[in-house]
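One letter stands for each residue in the lines below.
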Amino acid sequence: MSGKIKISFMIVIWSIVTLQMYINYRQNERRTVSAFSVVDDNVTEETVRGYGYFETMELGDTTKKKMLERLAGKLGITDGYTISEGCGDGYRKMMLTKRGKHAITILQIVSILDETDKNAVPGQYISIEINTAATTTKAVNLYNKVKELFDEIGKQSQVSLEINAQKKGDFVSLKGRGIYEEIFRQVKARKVDEVMENGICTVYGYTKAFDNHLMLNKNKVNVQVVLSYDENDDVTYIKIGMPIVNSSY
């Protein structure tokens, strides 16, 4: 096989691989949206969070500001934002905040200055948080955008999507059946664990459809559903997390 034929052959193979990766990505996105349709009409808020280690070297304020504005631009934010600074015990941060009609976006570059916190390595960290009341489709799109941003940065990171919803009736006494089962079925997840404690039902699952996960008792977890029931209003409050619920419950 000649050199030109080999190159042409490899281009064709790579094109097929790239196309398949894109198809898989779109299929996973559709699965995620379909999974959350079980609570779509009852969603009250969605939160996308991303956090990742960036660099050890110190960054100047001008560089930080440009970085924040560049990140914001990739999320479609070009104006109407504010830049602020803050500090605390062992850290400094610069923050870009955009308060839009349907979402509040906060981007931060956090500088850890020393090793007073044993769990934090000195250096620069990037944090993204988006709170929105948009449709689950838009929330999933935002989640994927934030994942792409951290993939471009190419550093260790964790990105999560959390959806808050509520449904009439008591689903806690049913141990979440009718809620988590449909979500798990749509994303082809298997139940890893179930915990009932203090009137709160928590169900953990794992699916190969999502590439990120956490470890729970030596098991992979990347879907979590938390349910709590208010008997006065006869309402079940639902939190759905990918890979896990980060807010208090």
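What you see as residue numbers is a count from 1 along each chain, following the sequence as written. Restriction of local features to residues with pLDDT of at least 70 applies here, the model being predicted, together with a cutoff of 80 or more for giving and counting side-chain atom pairs; totals for whole chains, interfaces and linings are based on all residues. For the side-chain quantities, the full set of heavy atoms in the structure was used; hydrogens and water were omitted.

**Q** Describe the nonpolar core, and please don't skip the residues or the numbers.
**A** Residues grouped as a nonpolar core are buried Ala, Val, Leu, Ile, Met, Phe, Trp, Tyr and Cys residues, joined through side-chain atoms within 4.5 Å. Buried means the residue's accessible area, taken with a 1.4 Å probe over protein chains only, is under 20% of the maximum for its type, while exposed means over 50%, and partly exposed covers the values in between. Core analysis: the biggest nonpolar cluster contains 43 residues, and L107, I128, V146, L161, F184, V225 and L227 have the highest contact counts within it. Secondary structure elements follow DSSP: runs of H or I of four or more residues count as helices, runs of E of two or more count as strands, with numbering from the N terminus. Tallying contributions element by element places helix α3 (residues 136-153) first for this core, with six residues. Any pair of residues with heavy atoms lying within 4.5 Å of one another is described as a contacting pair. If near-sequence neighbours (up to four positions away) are discounted, L107 is found in contact with L68, L71, A72, L75, M94, M95, L96, S127 and I128.

**Q** Can you break down unusual backbone geometry residue by residue, with the values?
**A** Note: most residues except glycine have negative phi, and most peptide bonds are trans. Cis geometry is adopted by the peptide bond preceding P243, which originates at M242 and carries an omega value of 0 degrees. The phi dihedral of N198 is positive, around 50 degrees, even though this residue is not glycine. The backbone of K218 shows a phi angle near 70 degrees, a positive value even though the residue is not glycine. Assignment of secondary structure puts K218 in the loop between β9 (214-216) and β10 (219-221).

**Q** Go over the pattern of salt bridges, please, and point to the residues and values.
**A** Between Lys or Arg on one side and Asp or Glu on the other, a salt bridge is scored when a side-chain nitrogen of the former is within 4 Å of a carboxyl oxygen of the latter. The full count for this structure, using the stated rule, is seven salt bridges. Across the pair E129 and R49 runs a salt bridge whose closest N-O atoms are separated by 3.5 Å. Of this pair, E129 sits in strand β5 (residues 123-132) while R49 sits in strand β1 (residues 43-55), and the two are 80 residues apart along the sequence. Relative accessible area serves as the criterion here: at 24%, R49 is assigned to the partly exposed category. Among the charged side chains, a network of salt bridges with common partners joins R49, E129, E162 and K239.

**Q** Please set out the pairing of strand β11 (residues 223-230) residue by residue, giving values where relevant.
**A** Across six bridges, the pairing between strand β8 (residues 200-206) and β11 is antiparallel. In the sheet register, Y204 faces β11, and the bridge partner there is Q224. A pair of strands is labelled paired if DSSP reports no fewer than 2 bridges between them. Across seven bridges, the pairing between β11 and strand β12 (residues 235-242) is antiparallel. Considered in β12, the bridge of V226 is made with K239. Linking β11 back to β12 in an antiparallel pair, the connection comprises four residues, with D234 at a positive phi of about 55 degrees.

**Q** Can you lay out the layout of surface pockets for me, pointing to particular residues and giving the numbers?
**A** Taken as a whole, the largest pocket spans an internal volume of roughly 380 Å³. The definitions used throughout rest on a 1 Å grid laid over the protein atoms alone, on which a cavity is an enclosed set of points accommodating a 1.4 Å probe that cannot get out and a pocket is an open set flanked by protein within 12 Å on both sides along at least five of seven lines; lining residues are those having an atom within 4 Å of a point. L75, H102, A103, T105 and L142 are the residues nearest the centre of the largest pocket, which is lined by 16 residues in total. Only β4 (103-112), β5 and α3 provide two or more residues apiece to the lining of the largest pocket. Examining the composition of the lining of the largest pocket, we find that three residues originate from one element, α3, more than from any other. Just so you know the grouping, Ala, Val, Leu, Ile, Met, Phe, Trp, Tyr, Cys and Pro go in nonpolar, Asp, Glu, Lys and Arg go in charged, and all remaining residues, Gly too, go in polar. Taken together, the residues of the lining of the largest pocket sort by class into seven nonpolar, five polar and four charged. Grid points are joined across faces, edges and corners, and a volume is the space filled by probe spheres set on the points.

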